[in-house]
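# Summary of the model geometry
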Amino acid sequence: MSVAALAIRPLQRLFSWKVRGVRWVEIIGVVLVGVMILSVYVAKAGAARESARISDLERQISENGERVRLLRAEVARLEQPGRLEALSRSAGLGPVEMKRQETEANLPNLAPIPEPRPVVIAPTPAAPAPAEIPAAASAAEAAQ
């Protein structure tokens, strides 16, 4: 017998082994096909889940973009010079008068308005209470 014949014989025996009339290689093939079908199902379910998540994120991005656009429009409306001027006038604010302006050279000569010092009131000593002993002695003398 040749070496090739010795190597083929166990393989033939392995492929011809049957379980209840079905070769075990066919059983393993069916199991592997079932595992492949299950793995494809799991992969498709995961892809569908990710697709739904991606579409939800895209929807949130478009909503946030709309909000950003509205906020920018609101900022532009609030920063209008005419509106700010009307608000400052209603609050009693106005431009600085010309006589209150100074040049850069006179800035060191300007003195800040001093803040008033807090007034400290010293506590007054309490007046001594009238002595009750002389009053009690005079009441005792009156009783005699």
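Residues numbered from 1 in each chain as written. Predicted model: local features only at pLDDT ≥ 70, side-chain atom pairs only at ≥ 80, totals over all residues. Heavy atoms only, no water.

## Structural notes on the overall build of the protein chain
- Scanning the protein chain for helices and strands turns up 4 helices and 2 strands.
- Each helix (α) and strand (β) of the protein chain, taken in turn from the N terminus, gives the series α-β-β-α-α-α.
- Residues counted as buried form 1% of the 144 residues belonging to the protein chain.
- A total of about 13,900 Å² of accessible surface is found on the protein chain, and carbon and sulfur atoms cover 65% of it. (Helix = DSSP H or I, 4+ residues; strand = E, 2+ residues; numbered from the N terminus. Buried < 20%, exposed > 50% of the residue type's maximum accessible area, 1.4 Å probe, protein only. Areas by Shrake-Rupley, 256 points an atom, 1.4 Å probe, with all protein chains shown as cover.)

## Points about the pattern of salt bridges
- In the structure shown here, the tally under the stated rule is 6 salt bridges.
- Among the ionic pairs, E85 bridges to R89, the shortest N-O distance being 3.5 Å. Placement of both E85 and R89 in helix 3 (residues 81–90) is noted, with a separation of 4 residues, approximately one turn of the helix. (Salt bridge = Lys/Arg side-chain N within 4 Å of Asp/Glu carboxyl O.)

## Looking at a nonpolar patch on the surface
- A cluster of nonpolar side chains, W17, V19, V22, I27, V31 and V35, forms an exposed patch at the surface whose accessible area comes to about 510 Å².
- Along the chain, the position of V22 falls in strand 2 (residues 22–23). (Patch = residues over 30% accessible without salt bridge, like charges linked within 9 Å, V, L, I, M, F, W, Y side chains within 5 Å.)

## What to know about the confidence of the model for the protein chain
- Looking at the protein chain as a whole, its pLDDT mean stands at 80, while 78% of the residues score no less than 70.
- Taken element by element, the protein chain is modelled with least confidence in helix 4 (residues 132–143), mean pLDDT 52, and with most confidence in helix 2 (residues 24–78), mean pLDDT 95. (pLDDT = per-residue confidence, 0-100.)

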